[in-house]
Amino acid sequence: MPLLDFQCGKCGNKFDELVYTSQMDKVTCPECGSRDVKRVYEGKCYFGMLGGLSDSGGCSGRSCSGCSGCGH
Ligand SMILES: [Zn+2]
């Protein structure tokens, strides 16, 4: 069971949750109980992980609008 990082869209709380990906829509914020939570990718660029394996520098220089981890 993977440890995933989430952020609450209501109060902004970040938290870790042990959850199967099939149960991600059942995750709720431990602070306010909101179901408006989204996954965040700490440290690594999601598209970087999918794409160039030799590019370990995140997504600098490329568009990464869907990446919450590196902010680019
Ligand atoms: Zn919350």
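Residues numbered from 1 in each chain as written. Predicted model: local features only at pLDDT ≥ 70, side-chain atom pairs only at ≥ 80, totals over all residues. Heavy atoms only, no water.

Participant: Which residues make up the overall build of the protein chain, and what values do they have?
Facilitator: Within the protein chain, the regular secondary structure consists of 1 helix and 3 strands. Taken from the N to the C terminus, the helices and strands of the protein chain come in the order β-β-β-α. Here the contacts in the protein chain between residues at least 6 apart in sequence split such that 30% fall between residues at least 24 apart. Working note: accessible area of the protein chain is about 4900 Å², and carbon and sulfur atoms make up 47% of it. (Helix = DSSP H or I, 4+ residues; strand = E, 2+ residues; numbered from the N terminus. Contact = heavy atoms within 4.5 Å. Areas by Shrake-Rupley, 256 points an atom, 1.4 Å probe, with all protein chains shown as cover.)

Participant: Just give me the short version of the environment of Tyr20, but keep the residues and values in it.
Facilitator: Structurally, Tyr20 is set in the loop between β2 (14–18) and β3 (37–40). Its relative accessible area of 44% is what places Tyr20 among the partly exposed residues. Remark: the alpha-carbon pair of Tyr20 and Leu3, spanning 17 residues in sequence, is separated by 8.7 Å. (Buried < 20%, exposed > 50% of the residue type's maximum accessible area, 1.4 Å probe, protein only.)

Participant: Tell me what's going on with the coordination of the zinc ion, and back it up with residues and numbers.
Facilitator: At the metal site, the zinc ion is ligated by Cys8 (SG), Cys11 (SG), Cys29 (SG) and Cys32 (SG), and these contacts range over 2.3 to 2.4 Å. Within one chain, the residues donating to the zinc ion are spaced in sequence as C-x2-C-x17-C-x2-C. Assessed through its relative accessible area of 43%, Cys11 is described here as partly exposed. (Donors = N, O, S within 2.8 Å, 3.2 Å for Na, K, Ca; no water.)

Participant: Talk me through the confidence of the model for the protein chain; I want residue IDs and the actual numbers.
Facilitator: For the protein chain, per-residue confidence averages 74 on the pLDDT scale, and 56% of positions sit at 70 or higher. Low confidence marks residues 52–56, where pLDDT is under 50. Its contacts with residues over four positions away, or in another chain, come to 1 contact. (pLDDT = per-residue confidence, 0-100.)

Participant: Let's hear about the pairing of β2: which residues, and what values?
Facilitator: Sheet topology places strand β1 (residues 3–8) next to β2; 5 bridges connect them, and they run antiparallel. By the bridge assignment, Leu4 is partnered in β2 with Glu17. As consecutive antiparallel partners, β1 and β2 are separated by 5 residues, and within that stretch Gly12 has a phi angle of approximately 80 degrees, a positive value. (Pairing = 2+ DSSP bridges.)

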